[in-house]
Amino acid sequence: MAEIEKTRTRERESVPGSRYEAIYSERAEFVARGKNGTVVVKDSDRDWEIARQGHLKFYLLPWTYPDTVLHNWFVFVHDVKKQSGKHRHQGGLVLYVIEGEGATEVNGEMVEWEEGDLILLPLDPNGVEHVHFNRGKTAKWLAFIYEPVFHHVSSELTQTEVMSEFQQRFGG
């Protein structure tokens, strides 16, 4: 009887340090985006949305717009029509007033602002509960939030009141 010879082909072993290789690859992609990504974000490329906090237009949001040269930023405009929703998160972020005048209640204290002002939300062990008000015809500000800092300070995001227009359209 003839002998049957079986040959086993050895499967290729994982590349030693494959997790490292994944990190290495991710870094290369990160650097490439930094060199070749979108430099100018056109207003016409972004849409307004109604959210529980207000009327918002996001310019940078890592998981929505990953093609820009800057990463890890939340940059958006809030058009305060009358009154925003109220929410709480850690401070350490910047709001630049681009149009109009208004006020922000920060942990129970009312702070008035107008076009050209810079609103700084403070760091607070209990977070910063705040709501924004329009005091004129328009009230718009531009937020700059650096995501690693937002995470580093263990910032929660708790909605305590929903903007009335959102609640009327979509419910609680």
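Computed from a prediction, not measured in an experiment: that's the story for all the values here. Per-chain numbering applies: the sequence of each chain, read as written, is numbered from 1 onward. Whole-chain, interface and lining totals are the exception, using all residues; otherwise, since this is a predicted model, local features are given only for residues with pLDDT of at least 70 and side-chain atom pairs are given and counted only at 80 or more. Only heavy atoms go into the side-chain values, all of them from the structure, while hydrogens and water stay out.

## As for the pattern of salt bridges
By salt bridge we mean one thing: a side-chain nitrogen of Lys or Arg within 4 Å of a carboxyl oxygen of Asp or Glu. The final tally for this structure, using the stated rule, is 9 salt bridges. As a salt-bridge pair, glutamate 99 and lysine 140 come within 4.0 Å of each other at their nearest N and O atoms. Here the residue glutamate 99 occupies a position in strand β5 (residues 93–106), and lysine 140 occupies one in strand β8 (residues 128–146), the gap between them amounting to 41 residues. One salt-bridge network, held together by shared partners, links Lys86, Glu105 and Glu161. Labels follow the DSSP assignment, with helices taken as runs of H or I lasting at least four residues and strands as runs of E lasting at least two, numbered in each case from the N terminus.

## A short note on the packing of aromatic side chains
Pairing of aromatic rings covers Phe, Tyr and the six-membered ring of Trp, with a centre-to-centre limit of 6.5 Å; geometry is then stacked below 30 degrees between planes, edge-to-face above 60, and tilted otherwise. Tallied over the full model, the rule gives 7 aromatic pairs. On the basis of an interplanar angle of 40° and a centroid distance of 5.0 Å, the ring pair of phenylalanine 58 and phenylalanine 76 is categorised as tilted. Residue phenylalanine 58 is found in strand β2 (residues 55–60), and its partner phenylalanine 76 is found in strand β3 (residues 73–79); the two are separated by 18 residues along the sequence. Whether a residue is buried, partly exposed or exposed follows from its accessible area with a 1.4 Å probe, protein chains only, as a fraction of its type maximum: under 20%, in between, or over 50%, in that order. On the accessibility criterion, phenylalanine 76 (12% relative accessible area) is buried. Centre to centre, the rings of phenylalanine 74 and phenylalanine 150 are 6.3 Å apart; their planes meet at 75°, and the pair counts as edge-to-face. Of this pair, phenylalanine 74 sits in strand β3 while phenylalanine 150 sits in helix α2 (residues 147–152), and the two are 76 residues apart along the sequence. Judged by its relative accessible area of 11%, phenylalanine 74 is buried. Above the plane of the ring of phenylalanine 30 lies arginine 27, whose end atom (NZ or CZ) is 4.1 Å from the centre. For a ring to carry a charge above it, either NZ of a lysine or CZ of an arginine must fall within 6 Å of the ring centroid while also lying within 35 degrees of the normal to the ring plane. A cation over an aromatic ring shows up here: arginine 46 above the ring of tyrosine 65, its NZ or CZ 3.4 Å from the ring centre.

## Notes on the pairing of strand β6 (residues 109–114)
When DSSP finds at least two bridges between two strands, those strands are taken to pair. As paired elements, β5 and β6 share 6 bridges and run antiparallel to each other. Of the residues in β6, the one forming a bridge with valine 106 is glutamate 109. Connecting β5 to the next strand, β6, in antiparallel fashion are 2 residues, including asparagine 107 with a positive phi near 45°.

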